[in-house]
Amino acid sequence: MADAFSVIPASVLRNLSDKLYEKRKNAALEIEGIVKQLASSGDHEKISAVIKLLATEFTGSPQANHRKGGLIGLAAATVGLSSEAAQHLEQIVPPVLSSFSDQDSRVRYYACEALYNIAKVVRGDFIIFFNKIFDALCKLSADSDANVQSAAHLLDRLVKDIVTESDQFSIEEFIPLLRERMNVLNPYVRQFLVGWITVLDSVPDIDMLGFLPDFLDGLFNMLSDSSREIRQQADSALSEFLLEIKNSPSVDYGRMAEILVQRAAALDEFTRLTAITWINEFVKLGGDQLFPYYADILGAILPCISDKEEKIRVVARETNEALRSIEANPTENFDVGGILSIARRQLDSEWEATRIEALHWISTLLNRHRAEVLCFLNDIFDTLLKALSDSSDEVVLLVLDIHACIAQDPPHFRQLVVFLVHNFRIDHSLLERRGALIIRRLCVLLDAERVYRELSTILEGEADLDFACVMVQALNLILLTSSELSELRELLKQSLVNAAGKDLFVSLYASWCHSPMAIISLCLLAQLDKLIRLLETPVFAYLRLQLLEPRQYIWLLKALYGLLMLLPQQSSAFKVLRRRLKTVPSYSFDGGNLKRAASGNPYSQILHHSGSQITEDGDIDQDNGNLQNGINFASLQQFKQMQQQHHMLAKSRAQSRNSSTSFLKEGPK
């Protein structure tokens, strides 16, 4: 220390700590000259002593003016050293960096000025302190004093220039420093960080794209900043990186995909749009790299399909279609189970569009990876059944398509129908609202006869008699009126002459016995056409003649009109009967003048021959085959037995109600 005092006059040291800036400046110039002379003579030991004196006695002083003078002196010493300053930087820079956190704003200002002058002299040699300098600048960018901020900005620009010129800068050491600060909320720090990212990315020799996953989330976080300028800077940086990704042969899509998936659910609209746009590009560019992330990506896309912002919806739909068009192999890290899990979860979405696309994904996976999907069937089956109660008809129809695809295998078909009946049982409103739609669609997809036979088998043994009656009535109405079941009706009409028709009739009869109305409808459907043809034969000429006396045979007329109402309008039997009824006299008749027709029927013997075919000439053709295939109703005891069960149930309920009423009247004893 004594050597330093002998080199620097006391007056210079005194002026270096003066409160006047001019005196401190002149003293610094004196020190610059002294150090320059020492450097020219190669006396680096004395130079070190001078620097040590400035660092300990001045920059470490409790007096603010001493600290200011010390900073100016260190900068002056560096200028005096010129090209030889590099070997003394370990002494010069640390005390300046320490002054950046000084409680006096003027000291912090002089620290910026001093480091600026030092950096101008040493340039690239200064890089060894980069991380510490960057940390200091990051803090100063948000300094409470505007002058300090301004000085820090000047220093920052110089440091950027030095870094872009240097071949000693280590991006690997810098990235952890950047990553630690990317989630800072201070707007000045955010601008500082984005500025550095942009500058470093512009340097050809620095591969910022390779480290993008380390700070991508932070950039996305800035898209929702309250400052318009910061949002624009972050967006500009992201746009530039996305362009580089498109032109780069090697990109780590996986790590970034995880970040984008999270940001696609951000509350901020602009952040969601940017994230879904990036995901869209990744799906197009990523290829097999993205296979392990398809489930997560789908989880981000599906909600965006129903986004309130149209731009997001458009990009999300485009991305969804692109993702679905890629045919991947489960052996290539393509997670079928994960995608099914996401689709199942989105079936609970409040948005119809999202639920529809989730179902399209399940359908696509079934078509492409049926075996794998069936392995996860237990995980999704209950959810698919619940979806049958969806408020959207389109959703219900898609669910039925999926169920039909699954039910191609007999065990799954049985399981589907059993669960369907179970759902109808526990939710009668589902049967009322969706019953016809569901049954009709399944009949189209899975063969109407197969569906009705299975339903009948299940309902035949149904313990809940009330539900069984309601369900049979619903199925009967669909059978009689639905265009999708026209072939089934035609088969039933052949039940007296066709073994397949007879077998179907017997199969349905067993469960239709739950409802007298339904069983009568079924019988009429099976034999009504035959009855109409029978009425047109010569043997029933007497009956047709009775139609000329409508007053006397009013119930005959009403019965025939009733039959007409039961027949489908496009059927031949309907047309035949309608033509016949048009020949009835048009004058009115009064039911009060009704006279009973003569009792007894001379043709009863003919009608007694079950299975006889009556020709237009009145001949009776005995068809032994028909007699063998005819339906023997005498042997079918189901109706009587089933109705007995319903009767007993009704009686039991009536007794229970009477008991309750008696108890209430008498009161407790």
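Residues numbered from 1 in each chain as written. Predicted model: local features only at pLDDT ≥ 70, side-chain atom pairs only at ≥ 80, totals over all residues. Heavy atoms only, no water.

Another aspect to go through is the pattern of salt bridges. Under the counting rule described, the total for this entry stands at 31 salt bridges. As a salt-bridge pair, glutamate 318 and lysine 284 come within 3.0 Å of each other at their nearest N and O atoms. Linking glutamate 318 in helix H17 (residues 310-325) with lysine 284 in helix H15 (residues 269-286), this pair joins segments that are 34 residues apart in sequence. By relative accessible area, glutamate 318 is classed as partly exposed at 39%. Here lysine 284 falls in the partly exposed class, since its relative accessible area comes to 47%. The salt bridge partner of glutamate 454 is arginine 414, with a shortest N-O separation of 2.4 Å. Residue glutamate 454 is located in helix H25 (residues 448-460), and its partner arginine 414 is located in helix H23 (residues 410-426); the two are separated by 40 residues in the primary sequence. In the salt-bridge network here, residues are joined through shared partners; they are Asp135, Lys139, Glu180 and Arg181. (Salt bridge = Lys/Arg side-chain N within 4 Å of Asp/Glu carboxyl O. Helix = DSSP H or I, 4+ residues; strand = E, 2+ residues; numbered from the N terminus. Buried < 20%, exposed > 50% of the residue type's maximum accessible area, 1.4 Å probe, protein only.)

Turning our attention to the packing of helix H4 (residues 44-59) against helix H6 (residues 89-98). Contact geometry for H4 and H6: axes closest at 10 Å, N-to-C directions at 15°. Between H4 and H6, the crossing angle belongs to the class labelled roughly parallel. Handedness of the crossing formed by H4 with H6: left-handed. For the pair H4 and H6, contact is made by Ser48, Ile51, Lys52, Ala55 and Thr59 and by Gln91, Ile92 and Pro95, respectively. Broken down by class, the residue content of the contact of H4 with H6 amounts to four nonpolar, three polar and one charged. (Axes fitted to C-alpha atoms, helices over the stretch in contact; angles between N-to-C directions. Parallel < 35°, antiparallel > 145°, perpendicular 65-115°, else oblique. Left-handed = near helix turned anticlockwise from the far one by under 90°. Contact = heavy atoms within 4.5 Å. Nonpolar A, V, L, I, M, F, W, Y, C, P; charged D, E, K, R; others polar.)

This part covers the UniProt feature "domain: Vacuolar protein 14 C-terminal Fig4-binding" (unreviewed entry) in the chain. UniProt records the feature "domain: Vacuolar protein 14 C-terminal Fig4-binding" (unreviewed entry) for residues 429-527 in the present numbering. Note that residues 429-527 is 83% helix and 0% strand, and that its end C-alpha atoms are spaced 33 Å apart. (UniProt positions renumbered as here; feature names shortened; annotations may be inferred.)

Right, let's talk about the packing of aromatic side chains for a bit. Applying the stated rule across the entire model yields 20 aromatic pairs. On the numbers, 5.8 Å between centres and 50° between planes, the contact of phenylalanine 169 with phenylalanine 174 is tilted. Among the aromatic residues, those joined into a cluster by ring pairs are Phe130, Phe134, Phe169, Phe174, Phe192 and Trp196. Over the ring of phenylalanine 413 we find arginine 450; its NZ or CZ atom is 3.8 Å from the centre of that ring. (Phe/Tyr/Trp six-rings, centres within 6.5 Å; stacked < 30°, edge-to-face > 60°. Lys NZ or Arg CZ within 6 Å of the ring centre and 35° of its normal.)

With that out of the way, let us pick up the UniProt feature "repeat: HEAT" (unreviewed entry) in the chain. Sites flagged by UniProt as "repeat: HEAT" (unreviewed entry) map to residues 92-127. The annotated region residues 92-127 carries 69% helix and 0% strand content, and the separation between its end C-alpha atoms amounts to 14 Å.

Relative to the helices and strands, arginine 108 is located in helix H7 (residues 105-122). Residues arginine 108 and isoleucine 312 lie 204 residues apart in sequence; the distance between their C-alpha atoms is 47 Å. If sequence neighbours within four positions are ignored, arginine 108 has contacts with Ser99, Phe100, Asp102, Gln103, Leu140, Asp143, Ser144, Asp145 and Val148. Of note is the side chain of arginine 108, whose polar atom sits 2.8 Å from the side chain of aspartate 143. (Polar contact = N/O pair within 3.5 Å; in protein donor to acceptor, adjacent residues only side chain to side chain.)

The subject of this paragraph is unusual backbone geometry. A positive phi angle, near 55°, is found at serine 82, a position not held by glycine. Within the fold, serine 82 resides in the loop between helix H5 (64-81) and H6. On the basis of relative accessibility, which here comes to 41%, the residue serine 82 falls in the partly exposed class. The residue arginine 123 is not glycine, and still its phi comes out positive at about 50°. Along the chain, arginine 123 falls in the loop between H7 and helix H8 (130-140).

Here the focus is the nonpolar core. Counting 200 residues, the largest nonpolar core has Met208, Phe215, Trp278, Tyr452, Leu479 and Trp512 as the members making the most contacts within it. When near neighbours in sequence (up to four residues on either side) are disregarded, leucine 479 contacts Tyr452, Leu485, Leu488, Arg489, Leu492, Leu508, Trp512, Leu522 and Leu525. In this structure, Ile532, Tyr553, Leu563 and Phe574 belong to the second largest nonpolar core, which totals 19 residues. (Core = buried A, V, L, I, M, F, W, Y, C linked by side-chain atoms within 4.5 Å.)

Right, let's talk about a positive patch on the surface for a bit. On the surface, Lys575, Arg578, Arg579 and Lys582 cluster together into a positively charged patch. With respect to the helices and strands, arginine 578 occurs in helix H32 (residues 572-582). Of the residues examined, arginine 578 reaches a relative accessible area of 38% and is grouped as partly exposed. (Patch = residues over 30% accessible without salt bridge, like charges linked within 9 Å, V, L, I, M, F, W, Y side chains within 5 Å. Areas by Shrake-Rupley, 256 points an atom, 1.4 Å probe, with all protein chains shown as cover. Lys, Arg positive; Asp, Glu negative; His and termini not counted. Charge placed at Lys NZ, Arg CZ, Asp CG, Glu CD.)

Another aspect to go through is the packing of H7 against helix H9 (residues 146-165). Running from amino to carboxyl end, H7 crosses H9 at an angle of 20°, the nearest separation of the two axes being 9 Å. By the criterion of interaxial angle, the relationship of H7 to H9 is roughly parallel. Two packed elements cross with a definite hand, and for H7 against H9 that hand is left-handed. Across the interface between the two elements, Ser105, Arg106, Arg108, Tyr109, Cys112, Leu115, Tyr116, Ala119 and Lys120 from H7 touch Asn147, Val148, Ala151, Ala152, Leu154, Leu155, Leu158 and Ile162 from H9. In terms of residue class, the contact of H7 with H9 is made up of twelve nonpolar, two polar and three charged.

So, about helix H3 (residues 21-41). Between its terminal C-alpha atoms H3 stretches 31 Å, which fits the 30 Å expected from 21 residues at 1.5 Å a residue. Every buried residue of H3 is accounted for by Arg24, Ala27, Ala28, Ile31, Glu32, Ile34, Val35, Leu38 and Ala39. Following H3 by one or two positions, glycine 42 has its phi on the positive side, about 75°. (Expected span 1.5 Å × (residues − 1).)

Below, the discussion takes up the confidence of the model for the chain. A low pLDDT score tells you not to read the predicted coordinates there in detail. Residues of the chain with pLDDT of at least 70 account for 90%, and the chain-wide mean is 85. Note on residues 588-629: pLDDT is under 50 here. Beyond four places in sequence and across chains, it has 56 contacts. (pLDDT = per-residue confidence, 0-100.)

Next up on the list: the side chain of glutamine 149. With respect to the helices and strands, the residue glutamine 149 is situated in helix H9. Residue contacts for glutamine 149: discarding those within four places in its chain leaves Leu140, Ser141, Ala142, Asp143 and Tyr188.

The next point concerns the environment of methionine 222. Among the structural elements, methionine 222 can be located in helix H12 (residues 212-222). Not counting residues up to four positions away in its chain, the partners in contact with methionine 222 are Met182, Arg190, Val194, Ile230, Arg231 and Ala234.

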